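Secondary and tertiary structure notes
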Amino acid sequence: ETGVTQTPRHLVMGMTNKKSLKCEQHLGHNAMYWYKQSAKKPLELMFVYSLEERVENNSVPSRFSPECPNSSHLFLHLHTLQPEDSALYLCASSQDWAGGSGEQYFGPGTRLTVT
Amino acid sequence: AQSVTQLDSQVPVFEEAPVELRCNYSSSVSVYLFWYVQYPNQGLQLLLKYLSGSTLVKGINGFEAEFNKSQTSFHLRKPSVHISDTAEYFCAVSGGAGGTSYGKLTFGQGTILTVHP
């Protein structure tokens, strides 16, 4: 595998389910990001991890719980979601959180549908 | 704080016509500038970037962009578009050394380019 991978690519879950999204980067980067992309809305930055430490949490509801066990893996744990949480969830990585050019590399995304 | 404004939310154009997607940014320090492209149900892919040097930057798929510091703009252009260029395009900026936004990427709202036959 190369670049940034995300699994699953598609997920349908009920409001009472618990599921997790997985992201893996094969680029040796130190920073990883979760974004939410809803129809007709701008890209929303949810969480940022730098060297496995959370450095940003942009007022995201507690039903989204991120986890970064090491610099290559990032998870987004989901529970008791709402229909408005249906969106494309994108993972990205960059060499560093601060410093450098800031160029980010994106995974293909997970299309989440909450029923 | 830095910000990015993409002036058009949608741009329709006919195949083989030229296109320009406009992007303006605000930042108090030097910047790095990027254009990303997103095809339906895919992640964002880097199209081109300006880090330093020549203000005219060439990217993949025949796209180019020009950094204009005095007008704080980074417009994306292509002289002749194809149906396959239909996608959403995002402009992004990160701050250069010396500022609080050093290396932190901020995205614009996106421009949907639709190429008609």
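Read on for a plain summary of the structure. Note that the structure is predicted; figures quoted are calculated from it, not measured.

This part takes up the overall build of chain A. The number of helices and strands found in chain A is zero helices and eleven strands. In terms of overall dimensions, chain A is globule-like: its C-alpha atoms have a radius of gyration of 13 Å, near the 13 Å expected for 115 residues. Of all 115 residues assigned to chain A, the portion counted as buried reaches 47%. A fraction of 55% describes how many contacts in chain A between residues 6 or more apart in sequence connect residues 24 or more apart. Split by element, the accessible area of chain A, about 5300 Å² in all, is 48% carbon and sulfur. Placing the 10 positive and 11 negative side-chain charges of chain A at their respective mean positions leaves the two points 12 Å apart.

Quick look at the side chain of Ser 50 of chain A now. Checked against the element boundaries, Ser 50 of chain A lands in strand E5 (residues 44–50). In this view, Ser 50 of chain A contacts Asn 30, Ala 31, Val 55 and Trp 97 of chain A; residues no more than four positions away in its chain are not counted.

Here we take up the state of the cysteines. Taken as a whole and assessed by the stated rule, the structure comprises two disulfides over all chains. Paired through a disulfide, Cys 23 of chain A and Cys 91 of chain A show a sulfur-sulfur distance of 1.9 Å. The disulfide joining Cys 23 of chain A to Cys 91 of chain A has a torsion of about -75 degrees about its S-S bond and is therefore left-handed. Residue Cys 23 of chain A is located in strand E3 (residues 18–25), and its partner Cys 91 of chain A is located in strand E9 (residues 87–94); the two are separated by 68 residues in the primary sequence. Overall, Cys 23 of chain A belongs to the buried group, its relative accessible area being 0%. On the basis of relative accessible area, Cys 91 of chain A is assigned to the buried category, the value being 0%. In this model, Cys 23 of chain B is linked to Cys 91 of chain B through a disulfide, with the two sulfur atoms separated by 1.9 Å. Since a negative S-S torsion denotes a left-handed disulfide, the Cys 23 of chain B-Cys 91 of chain B link at about -65 degrees is left-handed. You can see Cys 23 of chain B sitting in strand E4 (residues 23–26) and its partner Cys 91 of chain B sitting in strand E10 (residues 87–95), a full 68 residues away along the chain. Using a relative accessible area of 0% as the deciding quantity, one classes Cys 23 of chain B as buried. A relative accessible area of 0% places Cys 91 of chain B in the buried class.

As a further point, take the interface of chain A and chain B. By a frequent convention, interface size equals the accessible area lost on bringing the separate parts together. Counting residues at the interface gives 19 residues for chain A and 20 residues for chain B. Counting the surface lost from both chain A and chain B, the interface buries some 1500 Å², and carbon and sulfur atoms represent 55% of this. Three residues stand out in chain A for area buried against chain B, namely Ser 101, Glu 103 and Phe 106 of chain A, and they jointly supply 29% of the buried area on that side. Counting across the interface, chain A meets chain B through one salt bridge. In this structure, the salt-bridge partner of Glu 103 of chain A is Lys 49 of chain B, at a minimum N-O distance of 2.6 Å. At the boundary of chain A with chain B, the tally comes to seven residue pairs in polar contact (both at pLDDT 80 or more). When contributions to the side of chain A that touches chain B are tallied by element, the ones reaching two or more residues are strand E4 (31–37) and E9 of chain A. For the side of chain A that touches chain B, the residue count by class is nine nonpolar, seven polar and three charged.

Rules of the game
Residues numbered from 1 in each chain as written. Chains lettered and ligands numbered in written order. Predicted model: local features only at pLDDT ≥ 70, side-chain atom pairs only at ≥ 80, totals over all residues. Heavy atoms only, no water. Helix = DSSP H or I, 4+ residues; strand = E, 2+ residues; numbered from the N terminus. Rg over C-alpha atoms; globule rule 2.2 N^0.38 Å. Buried < 20%, exposed > 50% of the residue type's maximum accessible area, 1.4 Å probe, protein only. Contact = heavy atoms within 4.5 Å. Areas by Shrake-Rupley, 256 points an atom, 1.4 Å probe, with all protein chains shown as cover. Lys, Arg positive; Asp, Glu negative; His and termini not counted. Charge placed at Lys NZ, Arg CZ, Asp CG, Glu CD. Disulfide = S-S within 2.5 Å. Buried area = accessible area lost by both parts, 1.4 Å probe. Salt bridge = Lys/Arg side-chain N within 4 Å of Asp/Glu carboxyl O. Polar contact = N/O pair within 3.5 Å; in protein donor to acceptor, adjacent residues only side chain to side chain. Nonpolar A, V, L, I, M, F, W, Y, C, P; charged D, E, K, R; others polar.

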